[in-house]
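Single-letter residue listing:
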Amino acid sequence: MMKSLLFFSTLLFAFTTATVNVDTEASQIIWKGYKVTGSHEGTIKVENGELTFDDGTFTGGSFDIDMSTIAVTDLQGGMAQKLEGHLKSPDFFGVEKYPTATFNITKVVSRGTPGDYRVTGDLTIKETTKTIRFNANVTEEGGLYVATADVTIDRSDFDVRYGSGSFFDNLGDKTIYDEFELGIKLVTKK
């Protein structure tokens, strides 16, 4: 009896779940948006987050994005400030009213190669929540986990319609495409 109890308790401790906080200074999000005449890109800061692992296998997590930190990196000076202001305005993300966007992972499936996963989760922007799916890669580097993903978002799903050819006619070369890209890199704390 004692041997089976010892074996059972060993099994219990052999499978460990760990939730690790995200290092917001080491993590980054790079955005890129497209229009008929070109594109713009920049950064947004991660406000906080956590990733969950079962025996080193990525199983879940969540993170918040500080929308007030939207920055433009492909323009300089007044042009960058003007675009940043417009992106933060009610025309786009309405940062004053909606300062935070959130992503909560609801499902993680291994893609068969170590570190490669298919992630499903709920993205909330401007109080609208939609389920999105994307591929992610998670590695361990120097005792830290690093999760990366390239995600394509349709802004019109979140009531961000300014300059959208899906909602307005005759925009011509002023059309801004609905889809934008996020390059996400989350690094955990030690």
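So, a few notes on the structure that sits alongside this text. (Residues numbered from 1 in each chain as written. Predicted model: local features only at pLDDT ≥ 70, side-chain atom pairs only at ≥ 80, totals over all residues. Heavy atoms only, no water.)

### A few points about the overall build of the protein chain
Step number 1: Along the backbone of the protein chain there are two helices and nine strands.
Step number 2: Order of helices (α) and strands (β) in the protein chain, N terminus to C terminus: α-β-β-β-β-α-β-β-β-β-β.
Step number 3: Here the protein chain, with 190 residues, has 39% of them falling under the buried criterion.
Step number 4: In the protein chain, 55% of the contacts between residues at least 6 apart in sequence involve partners at least 24 apart.
Step number 5: Counting every atom, the protein chain has about 11,200 Å² of accessible surface; 52% of that belongs to carbon and sulfur. (Helix = DSSP H or I, 4+ residues; strand = E, 2+ residues; numbered from the N terminus. Buried < 20%, exposed > 50% of the residue type's maximum accessible area, 1.4 Å probe, protein only. Contact = heavy atoms within 4.5 Å. Areas by Shrake-Rupley, 256 points an atom, 1.4 Å probe, with all protein chains shown as cover.)

### Structural notes on unusual backbone geometry
Step number 1: Of note in the backbone geometry, Asp55 takes a positive phi value of approximately 50° without being a glycine.
Step number 2: Along the chain, Asp55 falls in the loop between β3 (38-54) and β4 (57-72).

### Topic: the pattern of salt bridges
Step number 1: For the structure shown, the criterion picks out two salt bridges.
Step number 2: Here Glu41 ties to Lys32 by a salt bridge, and the two come within 3.8 Å at their closest N and O atoms.
Step number 3: Salt-bridge contacts for Arg155 lead to Asp178; the nearest nitrogen and oxygen are separated by 3.9 Å. Within this pair, whereas Arg155 is found in the loop between β8 (144-154) and β9 (176-187), its partner Asp178 is found in strand β9, the two being separated by 23 residues in sequence.
Step number 4: Exposure remark for Arg155: the relative accessible area of 4% places this residue in the buried category.
Step number 5: Residue Asp178 is classed as buried on the basis of its relative accessible area, which comes to 13%. (Salt bridge = Lys/Arg side-chain N within 4 Å of Asp/Glu carboxyl O.)

### Quick notes on a positive patch on the surface
Step number 1: On the surface, Lys107, Arg111, Arg118 and Arg133 cluster together into a patch of positive charge.
Step number 2: By the element assignment, Arg111 lies in the loop between β5 (100-110) and β6 (116-125).
Step number 3: Overall, Arg111 belongs to the partly exposed group, its relative accessible area being 48%. (Patch = residues over 30% accessible without salt bridge, like charges linked within 9 Å, V, L, I, M, F, W, Y side chains within 5 Å. Lys, Arg positive; Asp, Glu negative; His and termini not counted. Charge placed at Lys NZ, Arg CZ, Asp CG, Glu CD.)

### Let's talk about the environment of Ile125
Step number 1: Relative to the assigned elements, Ile125 resides in strand β6.
Step number 2: Relative accessible area serves as the criterion here: at 7%, Ile125 is assigned to the buried category.

### Points about the packing of aromatic side chains
Step number 1: Scanning the entire structure with this criterion turns up six aromatic pairs.
Step number 2: Judged by centre distance (6.2 Å) and plane angle (75°), the ring pair of Phe93 and Phe180 falls under edge-to-face. Residue Phe93 is found in the loop between α2 (77-88) and β5, and its partner Phe180 is found in strand β9; the two are separated by 87 residues along the sequence. The same class applies to Phe93 as to Phe180, namely buried. (Phe/Tyr/Trp six-rings, centres within 6.5 Å; stacked < 30°, edge-to-face > 60°.)

### Some remarks on the pairing of strand β2 (residues 28-35)
Step number 1: Looking at chain direction, β2 and β9 are connected through seven bridges and run antiparallel. Within β9, the position partnered with Ile29 by the bridge is Ile184.
Step number 2: A loop of two residues connects β2 with β3, the two strands running antiparallel in sequence. (Pairing = 2+ DSSP bridges.)

### Points about the nonpolar core
Step number 1: In terms of nonpolar packing, the biggest core is built from 43 residues, with Phe58 and Phe93 touching the most fellow members.
Step number 2: By residue number, the principal contributor to this core is β4, which donates six residues.
Step number 3: Among residues more than four places away in sequence, those in contact with Phe93 are Met67, Ile70, Leu87, Lys88, Tyr98, Ile125, Lys126, Val160 and Phe180. (Core = buried A, V, L, I, M, F, W, Y, C linked by side-chain atoms within 4.5 Å.)

### What about the side chain of His40?
Step number 1: Along the polypeptide, His40 turns up in strand β3.
Step number 2: Polar contacts involving the side chain of His40 include one to the side chain of Asp74, which spans 2.8 Å.
Step number 3: For His40, the contacting residues outside a window of four places in its chain are Trp31, Lys32, Gly33, Lys35, Asp74, Leu75 and Leu83. (Polar contact = N/O pair within 3.5 Å; in protein donor to acceptor, adjacent residues only side chain to side chain.)

From the geometry alone we can't say anything about function, so treat these as descriptive.
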